[in-house]
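A look at the structure
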Amino acid sequence: MHPKPFAAAALIAGAALLSTPAYAQSSDDIAALRRDMETLRQDYQSRITDLEARLAAAEAEAAAAHAAADALQAANTSTADDPIQVAEQAPADIAPPAPVSTNPNIYNPGISVALNGFYTAARNETGEETIAGFALGDETGRPSRGFSAGETELSFAANIDPFLAGFMAFSLGNEGEAEVEEAYIRTTALPGGLTLKAGRFLSGIGYLNERHAHDWSFSDAPLPYRAFLGNQLGDVGLQARWIAPTNQYLEFGAEALQGEGFPAAGSDNNGVGTYTLFARTGSDINLSSSYLASISYLHSSAQDRDSNGDLFTGDTDLGILSLVYKWAPGGNPLVRNLTLVGEYFHGTDDGAFNGAPFQQAHDGWYAQGVYQFMPQWSVGLRYSALHSESVDGALLGSVLDDGGHDPFDITALLEYDTSEFGRFRVQYARDESNTDPNDVLTLQYTVIYGPHGAHRY
Amino acid sequence: MKQILFAAAVGLAAIAATPAHADLNVFACEPEWGALATEIGGDHVDVYNATVGGQDPHQVQARPSLISRARTANVAVCTGAELEVAWLPLIAQQSGNRRIVAGQPGLFEATSAVRLLERPASVDRSQGDLHAGGNPHIQTDPRNMIPVSRAMAQRFAQLDAANAQTYQTRQADFERRWNAALTRWQQRAAPLRGVSIAVQHHSWPYMLNWLGMTEVVALEPRPGVPASAGYLAQVLQTLNTRPVRFVIRAAYEDPRSGDFINQRAHVPAVTLPFTIGGTPGATNLFTLYDDTITRLLAGLGQ
């Protein structure tokens, strides 16, 4: 850009020197010379202006082209026809680093809310159900008849530093009472596939236990979870998990827990300890199907555990076998998919019930299938059953005496999802968990909002 | 009980094969990045593809097989830009593999090497399943493979310094072959320039930009939200005033909306591979684009 204006300036300067001879030949000549010079000056001035204008235009064009390239990544005109040129310029298109935010909220945790609403219609009263042959923990019943807001869950998740992550979940019950469901720290940087967790958390035993209620396939827990674990086992303590470095998924876990959660203590928090062990394995069977199998063991000790006025002191041993099978054609669950879950529970109680020494074994199982037959629509069916060893002597007529009735229920489900985050359900249950059968119709909505939830297996 | 557990553990550990030895175990979220990793790494990488062609990369679950493969990965090569937000962070967490969590060099996101299109000014779930960082489907424009391959070679060199030179050399060789292929593709695709089309899902802005095609309408009212009959009627009206040559959809997408439009408006549907393995012809990184252009030209009747 410089040479031409400089040359013009030199010319003008030179001409100006020429135009100031000390002795002009005549005033006319001088005037003519001045006119010529003025013409020349104007001519160059206009050329310079023209050049400057063209330069500005070229610069604007280049800037516009760059902006367009930014917006469209590579304009599909001239550059698109020349791959090499595009390739050469491509690194320049690397996105600039995001501007540093001064927003103090950027370190806020991911906050997620799950809202739940029920309408329950039933032949008999619901909410305080008993299960023949079992002493139950708290809150193992269904929602009471009529409208109820169910459990509203509020959770906070974030990395704490490069080594730890934290998670906390509150649930607000139907009457507005708040309860801490989980509040734990978890390691994120231990080597060798090891993860430790400390605080209050849902135990890793079984398949459903670790899932929050809004993540279950049916609106309530199957009978074995209600009877053996008081819906699900959450407690305070430590957990260690290790994943083997193998192509076959292989995970081992162990927990030492305070024993606040059923079956150790239940309502009065007098537990003296719960220990669990679990192992899982799983794999793809083919492109469309996969499985997860696990075996879990729990040992707990209770001292004066109070279940609706019945006191239990002693040990509980529980084993759980779980099998999950999932199918989605071509690995795409969006249109159709099927999930089958089956779990078998075997537990023994050994100690004193209301002061009377006893030993009793219980069995339970459930099998459920949920089939999504078209996008957004699914149907489900679940069968749960329990069996308790008969008791004698002082325990006859107590809650541990099933009176010869093996509890079972059968549940059918129709579900419509507005999206991944919104769900409506109609569920019908024939409940024969005690000698007074019940028919229960449940309408439910569940919505989840906040950060994108994870697609758990 | 404890003895049973122990025996089961020993038995399973014995059955499970230990992974083959390579300098870098690569966990590829999508097959195109797995193929690119092989181009860059050759024998020095052992690539596991977490998804296959014909599978929707948004909808993956944290299956046991993915967790175990993530456990031993030195690097995860993924699209990023929230495409895998629903499963990759969970898999990284559950696998206990600290190398591939967000912020570590072992998580390579291809979208970090490319300027993204359609970055929304605001995001709200009422708008459907939007990606806050921009449209992540960058592999539909093969020109993006150049900056991504350069960034990937750099990342591999950082993670495996002993073979840094090999990665750079292989990348340069790939770039030469890729540029030749780009010229070939653009010559073949010349008749597609200026063609108006409809799309099933907003998966294609990069490809449309590359080939100079125009998207008139999408068969999804909002990203990730299935079309209602009422919305498809609106689409038909739009197509009356702004006709299109064909509707394109990815191999994994539900064909019903496209079939509906095909029956009513007689607009053919063109199924594109979207990634390697999406169609029988898309067998590798190069044939992915060969097959894409062949299918688009077939949509024009050429």
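Everything numeric in this text was worked out from a predicted model, so none of it was measured.

**Let's talk about the environment of A:R186**
All names here are of chain A. In this fold, R186 is placed in strand β5 (residues 178-187). Note: C-alpha distance between R186 and F134 (52 residues apart in sequence) is 35 Å. Beyond its immediate stretch of four places on either side in the chain, R186 contacts L164, A165, F167, T195 and K197.

**Focus on the confidence of the model for chain A**
All names here are of chain A. When pLDDT is averaged along chain A, the result is 83, and 76% of the positions lie at 70 or above. Predicted confidence for residues 5-25 stays below pLDDT 50, and this span has 15 contacts to residues more than four positions away or in other chains. Below pLDDT 50 for its whole length, residues 67-97 participates in 47 contacts with residues either more than four positions away or in separate chains.

**A closer look at the domain arrangement of chain B**
Often, the extent of an interface is quoted as the loss of accessible area upon association of its parts. All names here are of chain B. The domains assigned to chain B are domain 1 (19-183) and domain 2 (189-299). Using C-alpha coordinates to define each centre, domain 1 is positioned 25 Å away from domain 2. Taken residue by residue, the interface counts 27 residues in domain 1 and 25 residues in domain 2. If you tally residues by element for the side of domain 1 that touches domain 2, the top one is helix α2 (residues 31-41), at 5 residues. Grouping the amino acids of the side of domain 1 that touches domain 2 by side-chain chemistry returns 9 nonpolar, 10 polar and 8 charged.

**As for the sheet that holds strand β6 (residues 214-218) of chain B**
Residues and elements named next belong to chain B. Taken in spatial order, the 4 strands line up as β6-β5-β7-β8 in an open sheet, and their pairing is parallel. With one partner strand each, in any of the chains shown, β6 and β8 (269-272) form the two edges of the open sheet. Each strand of the sheet is rotated relative to its neighbour by a mean of 35 degrees, with strand direction disregarded. In this sheet, strand β7 (residues 246-250) lies alongside strand β5 (residues 196-199) in parallel orientation, the contact comprising 3 bridges. Bridge pairing in β7 links V199 to I248.

**Brief notes about unusual backbone geometry**
For the peptide bond that leads from A:F262 to A:P263, omega is 10 degrees, which places it in the cis range. Considering the arrangement of structural elements, one finds A:P263 in the loop between β8 (249-257) and β9 (273-284). Phi at A:N308 is positive, roughly 50 degrees, even though this residue is not glycine. Counting through the fold element by element, A:N308 comes out in the loop between β10 (289-307) and β11 (310-327). Of note, the phi angle at B:E118 is positive, near 60 degrees, even though the residue is not glycine. Looking at the element boundaries, B:E118 is found in the loop between β4 (107-109) and α5 (145-159).

**Focus on the packing of α5(B) against helix α6 (residues 164-188) of chain B**
Residue and element names in this part refer to chain B. Contact geometry for α5 and α6: axes closest at 8 Å, N-to-C directions at 170 degrees. Between α5 and α6, the crossing angle belongs to the class labelled roughly antiparallel. Judged by residue contacts, M145, I146, S149, R150, A153, F156 and A157 of α5 engage A164, Y167, Q168, Q171, F174, E175 and W178 from α6. Here the contact of α5 with α6 is built from residues that sort into 9 nonpolar, 3 polar and 2 charged.

**Focus on the packing of α2(B) against α5(B)**
All names here are of chain B. The contact between α2 and α5 brings their axes to 10 Å, and the two run at 60 degrees. Of the possible angle classes, the one that applies to α2 and α5 is oblique. With respect to the hand of their crossing, α2 and α5 are arranged in right-handed fashion. Every residue of α5 that contacts α2 at L36, A37, E39, I40 and G41 is listed here: M145, V148, S149, M152, A153 and F156.

What counts, and at which threshold
Residues numbered from 1 in each chain as written. Chains lettered and ligands numbered in written order. Predicted model: local features only at pLDDT ≥ 70, side-chain atom pairs only at ≥ 80, totals over all residues. Helix = DSSP H or I, 4+ residues; strand = E, 2+ residues; numbered from the N terminus. Contact = placed C-beta atoms within 7 Å. pLDDT = per-residue confidence, 0-100. Domains from an automatic or database assignment. Nonpolar A, V, L, I, M, F, W, Y, C, P; charged D, E, K, R; others polar. Pairing = 2+ DSSP bridges. Axes fitted to C-alpha atoms, helices over the stretch in contact; angles between N-to-C directions. Parallel < 35°, antiparallel > 145°, perpendicular 65-115°, else oblique. Left-handed = near helix turned anticlockwise from the far one by under 90°.

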